[in-house]
Amino acid sequence: MSRHVAVIGSGVAGLVAARELRREGHKLVIFERGDQVGGTWVYTPEVESWDPLGLDPRRAVVHSSLYDSLRTNLPREAMGFRDYPFLPREPDDRDPRRFPGHAEVLAYLEEFSAEFGIGELVRFETEVLSANLVENGNWKVRSKKRGDDDEVFDALVVCNGHYTEPRIADLPDRNAYRGDESFSPNSPYFMHYLLAGSDKWPGKQMHSHNYRIPEPFRDQVVICIGSSASAVDISRDIAGVAKEVHVASRSAPDGTTKKQLGYDNMWLHSMIERVHEDGSVVFQDGSVVFADIILHCTGYKFHFPFLETNGLVTVDDNRVWPLYKHIFPPALAPGISFVGLPWKVVPFPLFEYQSKWIAGVLSGRLTLPSVEEMMEDSNSFYSKLDVSGVPKRYTHNLGDSQFEYNDWLAVQSGCLVSEEWRKQMYFATSKNRITRPETYRDVWEDDDLVSQAHQDFIQYSQ
Ligand code: FAD
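These numbers come from a predicted model, not from an experiment. (Residues numbered from 1 in each chain as written. Predicted model: local features only at pLDDT ≥ 70, side-chain atom pairs only at ≥ 80, totals over all residues. Heavy atoms only, no water.)

### Comments concerning the environment of Ala-155
To keep things clear, this is the line we draw: Strands are runs of DSSP state E lasting at least 2 residues, helices are runs of H or I lasting at least 4, and numbering of each runs from the N terminus. Remark: exposure states derive from per-residue accessible area (1.4 Å probe, protein chains only) relative to the maximum for the residue type, with buried under 20%, exposed over 50%, and partly exposed in between. Should any heavy atoms of two residues lie within 4.5 Å, those residues are counted as being in contact.
Looking at the secondary structure, you find Ala-155 in strand S7 (residues 155-158). Take Ala-155: its relative accessible area is 0%, and that puts it in the buried class. Spatially, the C-alpha atoms of Ala-155 and Val-288 are 55 Å apart, while their sequence positions differ by 133 residues. Non-local contacts of Ala-155, meaning those with residues more than four positions away in its chain, are made with His-4, Val-5, Ala-6, Trp-139, Pro-334, Gly-335 and Leu-362.

Okay, here's the thing in structure tokens:
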């Protein structure tokens, strides 16, 4: 069965979803509010300068959160799609490194799009304003280009990305803290409501979404909150020009302030305890710093401002629910699906597996369990997380379980499971990143896995 499908977004998720949907015989329209494919990988020096914390929902949104110096945190062999390997290409002006800069990733995605004729399906500069459930389980999509346009589709595949909306706790004030782990003083998110909107602390505050280059931080005293991959990269980027960089991290050993190895102007602290009108910032370890800027590297939130599902899908503390296998809302399946929610994963191949399953389910080649069974499965998944004390906002954090997830999807879809070398390479890279945070992109010990990957890739270049 061929369906008329709307794909929202032409980043990695939208591109691979489009490829798989078309392969399965569906008719598609891809809506893209930007003017080119690639999503996050389209670097722009532009920032949301009037609202550097991203607090105002009406602000003019800049989509990408990439910074200029960004190199991938995954090796290209593991990062690419299965049958379209991310190999270094001629001519020489491309970036052949194993962990290349962001422009190389965009070039790869543009080639992928051209190779499979996806670009011609995209309506550029066409933002989806709303997507409503209408009769017969169809979806009415209202988009904006020249004027407002309405169009009805059999199905909606949501691929709008999740690194654009800064994660800001929305509790109105500090007294609203009721013991929710996400807002405990040990959480970086706590800082958002401790500081955001507060006129108490006189310095500048911004979110890493609006970080591009280190130059504006020259000779400044900067505090970076967070310990994610971006926080690590950005604090080191800034340390090259700033007077001092102080990293406030939950993972810092308690009660200590530690100078960062290899830097004479960077320190690791525990979380911030309070801030004062005189510009001082007091950390839980008792140290005090007079800072110019606080940079919140505290992540992003799932945001679907266009989606109207009559409450059948909601976002609660970054849990998008209820969803069967992070993809289908049971009550609306298969008419709406999400590609790209899992994080701390190797995104491209995972999105590929998700897309194959969605394409097969939409055509009727694959069947879903009943609504009740899907609901039961999702509820039992949430219960397990809750019982293990995993905060809601980690619902889509797959980490080590991603390959089991991919393999489950592969078996459902009747395609090959993840390659063994890819799994091992992911774990080897994670280990190397911890051992050599400064140099893991240039020094590694898994050349045997690289050889296995290249051996595997031969079949796709013939
Ligand atoms: P996006 O790339 O964000 O694409 C979403 C698209 O949807 C955009 O083009 C946007 O314009 C469009 N859109 C949104 N809303 C609408 C609307 N209403 N109407 C129409 N169009 C809309 N991954 C890796 O594999 N390796 C890395 O090294 C790596 N490093 C990263 C570093 C940073 C700083 C960040 C932020 C992410 C990194 N990632 C990395 C993860 C990266 O986000 C994924 O690789 C991938 O790009 C996500 O693709 P996506 O399609 O889900 O979202």
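### Points about the sheet that holds strand S1 (residues 4-8)
Heads up, the rule is: At least two DSSP bridges between two strands are required for those strands to pair.
Spatially, 5 strands are ordered S3-S2-S1-S7-S20 in an open sheet, and the strand pairing comes out parallel. For this open sheet the edge positions go to strand S3 (122-123) and strand S20 (336-338), each flanked by a neighbour on one side alone. The pairing of strand S2 (residues 27-31) with S3 spans 2 bridges and is parallel. Considered in S3, the bridge of Phe-31 is made with Arg-123.

### Side note on the pattern of salt bridges
Rule in force here: When a carboxyl oxygen of Asp or Glu is within 4 Å of a side-chain nitrogen of Lys or Arg, the pair counts as a salt bridge.
Per the stated rule, a full pass over the model turns up 32 salt bridges. Note that Glu-111 is salt-bridged to Arg-89, the shortest N-O span being 3.7 Å. Residue Glu-111 is located in helix H3 (residues 102-115), and its partner Arg-89 is located in the loop between helix H2 (76-79) and H3; the two are separated by 22 residues in the primary sequence. Taking the relative accessible area as the measure of exposure, Arg-89 reaches 31% and is therefore partly exposed. With its nearest N and O atoms 2.8 Å apart, the salt bridge here joins Asp-150 to Arg-142. The class of Asp-150 is partly exposed, set by a relative accessible area of 39%.

### Considering helix H10 (residues 447-457)
Note the threshold: Arc definition: directions from the helix axis to the C-beta atoms.
Of all the positions in H10, only Leu-449, Val-450, Ala-453, Asp-456 and Phe-457 are classed as buried. The buried residues of H10 occupy one face: seen down the axis, they fall within an arc of 120°. Along its buried surface, H10 packs onto H2 and helix H9 (420-435).

### Thoughts on the nonpolar core
Our working definition: By nonpolar core is meant a set of buried Ala, Val, Leu, Ile, Met, Phe, Trp, Tyr and Cys residues that side-chain atoms within 4.5 Å join together.
Leu-21, Trp-41, Phe-81, Leu-109, Val-157, Ile-238 and Phe-348 are the most contacted members of the largest nonpolar core, which has 75 residues in total. No other element matches helix H6 (residues 347-363), which puts 9 residues into this core. Ignoring sequence-local partners within four residues, the contact set of Trp-41 consists of Val-12, Leu-66, Leu-70, Thr-72, Met-79, His-102, Val-105, Leu-106, Leu-109 and Phe-348. Ala-6, Leu-307, Val-313 and Tyr-382 belong to the second largest nonpolar core, which has 23 residues in total.

### Concerning the sheet that holds strand S8 (residues 204-207)
Rules: Axes here refer to lines fitted to C-alpha atoms; in helices the fit is confined to the stretch in contact. Angles between the N-to-C directions go from 0 to 180 degrees.
In space, the 6 strands of this open sheet follow the order S8-S16-S9-S10-S12-S11, with mixed pairing throughout. Taken across any chain shown, the strands that pair with only one partner, and hence form the sheet edges, are S8 and strand S11 (258-259). Inspection of the sheet shows strand S9 (residues 221-225) paired to strand S16 (residues 293-296) by 4 bridges, in the parallel sense. By the bridge assignment, Cys-224 is partnered in S16 with Leu-295. Along the sheet, helix H5 (residues 229-239) makes contact with S9, strand S10 (244-248), strand S12 (266-269) and S16, crossing S10 at roughly 165°.

### What to know about the packing of helix H1 (residues 12-23) against H6
For the record, the criterion: Each crossing gets its hand from how the near helix is turned against the far one by less than a right angle, where anticlockwise is left-handed and clockwise is right-handed. Any residue that is not Ala, Val, Leu, Ile, Met, Phe, Trp, Tyr, Cys, Pro, Asp, Glu, Lys or Arg is counted as polar, Gly included; the first ten are nonpolar and the last four charged.
Between H1 and H6, the shortest axis-to-axis distance is 8 Å and the interhelical angle comes to 35°. Every pair of crossing elements has a handedness; the one defined by H1 and H6 is right-handed. Residue-level contacts link Val-12, Ala-13, Val-16, Ala-17, Arg-19, Glu-20, Leu-21 and Arg-23 of H1 to Phe-348, Phe-351, Glu-352, Ser-355, Lys-356, Ala-359 and Leu-362 of H6. Its residues placed into classes, the contact of H1 with H6 shows 9 nonpolar, 1 polar and 5 charged.

### Quick notes on the site of the ligand
Note the threshold: One heavy atom within 4 Å of a molecule or strand is enough for the residue carrying it to be called near that molecule or strand. N or O atoms closer than or at 3.5 Å make up a polar contact, with two conditions inside protein: a donor-capable atom paired with an acceptor-capable one, and, for residues adjacent in sequence, both atoms drawn from side chains. Using the Shrake-Rupley algorithm and a 1.4 Å probe, accessible areas are obtained, with residue cover drawn only from the displayed protein chains.
Every one of the 32 residues lining the ligand counts as a neighbour, but Glu-32, Thr-40, His-63, Asn-73 and Val-128 are closest to it. Between the ligand and Val-12, the relevant distance is 3.1 Å, taken from an oxygen atom to a main-chain nitrogen or oxygen of the residue. Thr-40 is positioned with one of its backbone polar atoms (N or O) 2.8 Å from an oxygen atom of the ligand. The fraction of the free accessible surface of the ligand (990 Å²) that becomes covered by protein chains is 95%. Elements represented by at least two residues in the shell around the ligand include exactly H1, strand S4 (127-133) and H6. Looking at the shell around the ligand, the element that brings in the most residues is H6, giving 3 residues. Across the shell around the ligand, the residue classes tally to 16 nonpolar, 13 polar and 3 charged.

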